[in-house]
Amino acid sequence: MKYIKQFLLILGISFLGEGLKYFIPLPIPASIYGMVIMFICLMTGLIKLDDVKETGKFLIEIMPVMFIPAGVGLMTSWDSIMAVLVPIVVITVVSIVTVMVATGWVSQIIIRKTGKKDNE
């Protein structure tokens, strides 16, 4: 029963994110709205970490299984993808490098600011 309650809580937050996506016309995925809502609820204490921890861990553990349909879809449409393979590879590589650089910079900024606070 505990796992069902946790799953329904996560599902409810996800549906709330879907509702926000419907009412707020910004180009932001509903899953991002849901994650922000969950983050705010966890940080403010509206939801305790123990209320979603086990089910959240389970969902993260089975996440690779969720990519199987997308992989099969890519394999079945390989003929269509082959015509635009070079642009797809270039965009993918540029995106990966951009995300890695941005993540590194943000991490360094946070570490520096946190380090200064610790020294004071």
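For the structure, see preceding data.
Within each chain, residues carry numbers counting from 1 in the order of the written sequence. Residue-level local features of this predicted model are given only where pLDDT is at least 70; pairs of side-chain atoms are given and counted only at 80 or more, and the full residue set underlies all totals for whole chains, interfaces and linings. Here the side-chain values reflect all heavy atoms present in the structure, with hydrogen atoms and water set aside.

## Remarks on a nonpolar patch on the surface
To be explicit about the condition: The patch calculation keeps residues exceeding 30% relative accessible area without a salt bridge and links them within 9 Å when they carry like charges or within 5 Å when they are nonpolar (Val, Leu, Ile, Met, Phe, Trp, Tyr). Under the convention used here, a 1.4 Å probe and the Shrake-Rupley method define accessible areas, while residue burial counts only the protein chains that appear. Salt bridge, as applied in this entry: a Lys or Arg side-chain nitrogen positioned within 4 Å of an Asp or Glu carboxyl oxygen. Counting from the N terminus, the helices are the DSSP runs of H or I reaching at least four residues and the strands are the DSSP runs of E reaching at least two.
A cluster of nonpolar residues, Ile 32, Met 35, Val 36, Phe 39, Ile 40 and Met 43, forms a patch on the protein surface that exposes about 600 Å² of accessible area. Checked against the element boundaries, Phe 39 lands in helix H2 (residues 30-44).

## Topic: the layout of surface pockets
Convention followed: Using protein atoms alone on a 1 Å grid, points that fit a 1.4 Å probe yet trap it form a cavity, whereas open point sets bounded by protein on both sides within 12 Å along at least five of seven lines form a pocket; residues with an atom within 4 Å of a point count as lining. Grid points are joined across faces, edges and corners, and a volume is the space filled by probe spheres set on the points. Put simply, Ala, Val, Leu, Ile, Met, Phe, Trp, Tyr, Cys and Pro go in the nonpolar bin, Asp, Glu, Lys and Arg in the charged bin, and everything else, Gly too, in the polar bin.
Approximately 610 Å³ is the volume found for the largest pocket. Ile 10, Ser 14, Met 35, Met 38 and Leu 59 are, among the 20 residues lining the largest pocket, the residues nearest its centre. Sorting the residues of the lining of the largest pocket by element identifies helix H1 (2-23), H2, helix H3 (53-61) and helix H4 (63-66) as the ones contributing at least two each. Top contributing element to the lining of the largest pocket by residue count: H2, with six residues. In terms of residue class, the lining of the largest pocket is made up of 13 nonpolar, four polar and three charged.

## Regarding the packing of aromatic side chains
Which entries qualify depends on this criterion: Two aromatic rings, drawn from Phe, Tyr or Trp (for Trp, its six-membered ring), form a pair once their centres lie within 6.5 Å of each other, and the interplanar angle then sorts them: stacked below 30 degrees, edge-to-face above 60, tilted otherwise. A 1.4 Å probe rolled over the protein chains alone gives each residue an accessible area, and that area as a share of the maximum for its type sets the label: buried under 20%, exposed over 50%, partly exposed in between. Distance and angle both matter: a charge sits over a ring if NZ of Lys or CZ of Arg is within 6 Å of the ring centre and within 35 degrees of the ring normal.
Enumeration over the complete set of coordinates arrives at one aromatic pair. Between the aromatic rings of Tyr 22 and Phe 23, the centroid separation amounts to 5.1 Å while the plane-to-plane angle is 80 degrees, which identifies the pairing as edge-to-face. The class for Tyr 22 is exposed, based on a relative accessible area of 69%. Lying over the aromatic face of Tyr 3, Lys 2 brings its terminal NZ or CZ to 6.0 Å of the ring centre.

## Focus: the packing of H1 against H3
Condition: The axes used here are C-alpha line fits, helices contributing only the stretch in contact, and every angle between their N-to-C directions lies in the interval 0 to 180 degrees. To sort the angles, those under 35 degrees are grouped as roughly parallel, those over 145 as roughly antiparallel, those from 65 to 115 as roughly perpendicular, and the leftovers as oblique. Contacts between residues were defined by any pair of non-hydrogen atoms, one from each residue, lying within 4.5 Å.
Two elements in contact, H1 and H3, have axes whose closest approach is 8 Å; the angle formed by their N-to-C orientations is 75 degrees. Judged by the inter-axis angle, H1 sits roughly perpendicular to H3. Across from Lys 2, Tyr 3, Gln 6, Phe 7 and Ile 10 in H1, the residues of H3 making contact are Lys 53, Glu 54, Thr 55, Gly 56 and Leu 59.

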